[in-house]
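Per-entry structural report
Single-letter residue listing:
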Amino acid sequence: MNQVQRKAFDTYAERWYLEGDDVAAAGQQLDAAALFGRKAPLVIEIGSGMGESTAAMAAARPDINLLAVEVYKPGVAQTMHHLAKTGVENVRILRADAAAVLTQLVPEQSVDEVWLFFPDPWPKTRHHKRRLVTEDFAELVASRLRKGGVFRLATDWEPYAEQMLAACTPVKALRNPHAGWAPRPEFRPRTRFERRGLNEGRQIWDLEFIRR
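The rules behind each value
- Here the residue index of a chain counts from 1 through its sequence in written order.
- Given that the model is predicted, a residue must reach a pLDDT of at least 70 before its local features are reported, and side-chain atom pairs must reach 80 or more before they are shown or counted; all residues, however, enter totals for whole chains, interfaces and linings.
- Side-chain numbers here rest on the full set of heavy atoms in the structure, without hydrogens or water.
- Categorising residues by exposure relies on relative accessible area from a 1.4 Å probe, with only protein chains included: less than 20% of the type maximum marks a residue as buried, more than 50% marks it as exposed, and the intermediate range marks it as partly exposed.
- Helix and strand definitions follow DSSP, with helices as H or I runs of at least four residues and strands as E runs of at least two, each counted in order from the N terminus.
- Should DSSP find at least two bridges between two strands, the strands are taken to pair.
- Consider the strands pointing away from the viewer: the crossover is right-handed when the path from the first strand over the helix to the second runs clockwise.
- Contacts are residue-level and defined by heavy atoms, with any inter-residue pair within 4.5 Å sufficient.
- Simply put, an axis is a line fit to the C-alpha atoms, just over the touching stretch for a helix, and the angle between two N-to-C directions goes from 0 to 180 degrees.
- For this analysis, a salt bridge means a side-chain nitrogen from Lys or Arg found within 4 Å of a carboxyl oxygen belonging to Asp or Glu.
- Remark: nonpolar core denotes a set of buried residues (Ala, Val, Leu, Ile, Met, Phe, Trp, Tyr, Cys) joined through side-chain atoms within 4.5 Å.
- Within 6.5 Å between ring centres, the rings of Phe, Tyr and Trp (the latter by its six-membered ring) count as paired, and their orientation is classed by plane angle as stacked under 30 degrees, edge-to-face over 60, tilted in between.
- The criterion is that NZ of a Lys, or CZ of an Arg, lies within 6 Å of the ring centre and within 35 degrees of the ring normal, and then a charge sits over that ring.

Digging into the pairing of strand S2 (residues 42-46)
Burial analysis of S2 places five of its five residues in the buried class, which makes it a mostly covered element. Here S2 shows a buried face lined by Leu-42, Ile-44 and Ile-46 and a second buried face lined by Val-43 and Glu-45. Relative to strand S3 (residues 65-69), S2 is paired through five bridges, and the arrangement is parallel. In the sheet register, Ile-46 faces S3, and the bridge partner there is Val-69. Between S2 and its parallel partner S3, the chain crosses via helix H4 (residues 52-60), and the hand of that crossover is right-handed.

The structure is reproduced here in structure tokens:
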């Protein structure tokens, strides 16, 4: 971590941070109301990265409790820096693997939205098996969503967008309210990954699936 990240982590970790291994070791599932100190719709962002868009989305949606899941510790600390600058209080950060969080820590039918914006596309053919979005993963997400809950995805990598669509469409618990691709959510800012993709001539592909 750089100096800014270290300062943010030391200042705010006690207030906003959870270590996934510690939660798992406690042998309990997440209690969102206790974690956030209030009852509100629970949103899980998978792969919050450096957190600039996380802070902006939390500010745009003050009515939600936003649980940001990220494995990269400098990203976690940078997220704290952005949260402090933005002044939002409705975010908690969990450092852990997303699939493990959903499997072990999140109760079934307890989440209002899951966001997966610009995950690593692993563009090389030999790395495709590392892509997060598969039909099994979509089934897992669906099982954690409440009825009417929303799974939102976005990528600037067309082959991965097509894989996402193909993975989520067969899941019986999910339905696509659009004829394929979804409009961009108004609350999602232009991330640095999105800007880079656009600058390189790539299109942005959004998807939205609703829990039946």
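Having seen the structure, we can now continue with the description.
Some points on the sheet that holds strand S7 (residues 174-175)
Pairing is mixed in the open sheet, where eight strands are placed in the order S1-S4-S3-S2-S5-S6-S8-S7. Edge positions in the sheet fall to strand S1 (17-19) and S7, since each has one partner strand and no second. With four bridges joining them, S3 and strand S4 (residues 91-95) adopt parallel strand pairing. Residue pairing across strands places Val-69 opposite Leu-94, the latter belonging to S4. Helix H6 (residues 98-105) contacts S2, S3 and S4 of the sheet and is inclined by roughly 150° relative to S2.

Thoughts on the side chain of His-82
With respect to the secondary-structure elements, His-82 resides in helix H5 (residues 73-86). The exposure class assigned to His-82 is buried, which follows from its relative accessible area of 14%. When sequence neighbours within four positions are dropped, the list of residues in contact with His-82 reads Met-50, Gly-51, Glu-52 and Ala-55.

Some remarks on unusual backbone geometry
Here the phi dihedral of Gln-109 falls at roughly 50°; this positive angle occurs in a residue that is not glycine. Within the secondary structure layout, Gln-109 lies in the loop between H6 and strand S5 (111-117). Assessed through its relative accessible area of 39%, Gln-109 is described here as partly exposed. One non-glycine residue, Phe-118, lies in the positive phi region at around 60°. By the element assignment, Phe-118 lies in the loop between S5 and helix H7 (135-144). Classification of Phe-118 as buried rests on a relative accessible area of 10%.

Section: the pattern of salt bridges
Evaluation of the coordinates by the stated rule reveals eleven salt bridges. Between Glu-89 and Arg-15 there is a salt bridge whose closest N-O contact spans 2.3 Å. Residue Glu-89 is found in the loop between H5 and S4, and its partner Arg-15 is found in helix H1 (residues 3-16); the two are separated by 74 residues along the sequence. You can call Glu-89 partly exposed: its relative accessible area is 44%. The exposure class of Arg-15 is partly exposed, given its relative accessible area of 43%. The network of salt bridges with common partners includes Arg-61, Glu-113, Arg-152 and Glu-208.

Describing the nonpolar core
Of all hydrophobic cores here, the largest spans 35 residues; its most connected members are Leu-94, Phe-151 and Leu-153. Elements with a contribution of two residues or more to this core: S2, S3, H6, S5, H7, strand S6 (145-155), helix H8 (158-168) and strand S8 (205-211). The element best represented in this core is H7, accounting for five residues. Grouped together as the second largest cluster of nonpolar side chains are 25 residues, Ile-64, Val-76, Val-91 and Trp-115 included.

Here's the deal with the packing of aromatic side chains
In the structure shown here, the tally under the stated rule is five aromatic pairs. Aromatic side chains Tyr-12 and Trp-16 sit 4.6 Å apart centroid to centroid with 15° between the ring planes, which places their arrangement in the stacked category. Residue Tyr-12 and its partner Trp-16 are located together in helix H1, separated by four residues, close to a single helical turn. For Trp-16, a relative accessible area of 3% gives the class buried. Positioned above the aromatic ring of Phe-117 is the side chain of Arg-188, whose terminal nitrogen or guanidinium carbon lies 5.3 Å from the ring centre.

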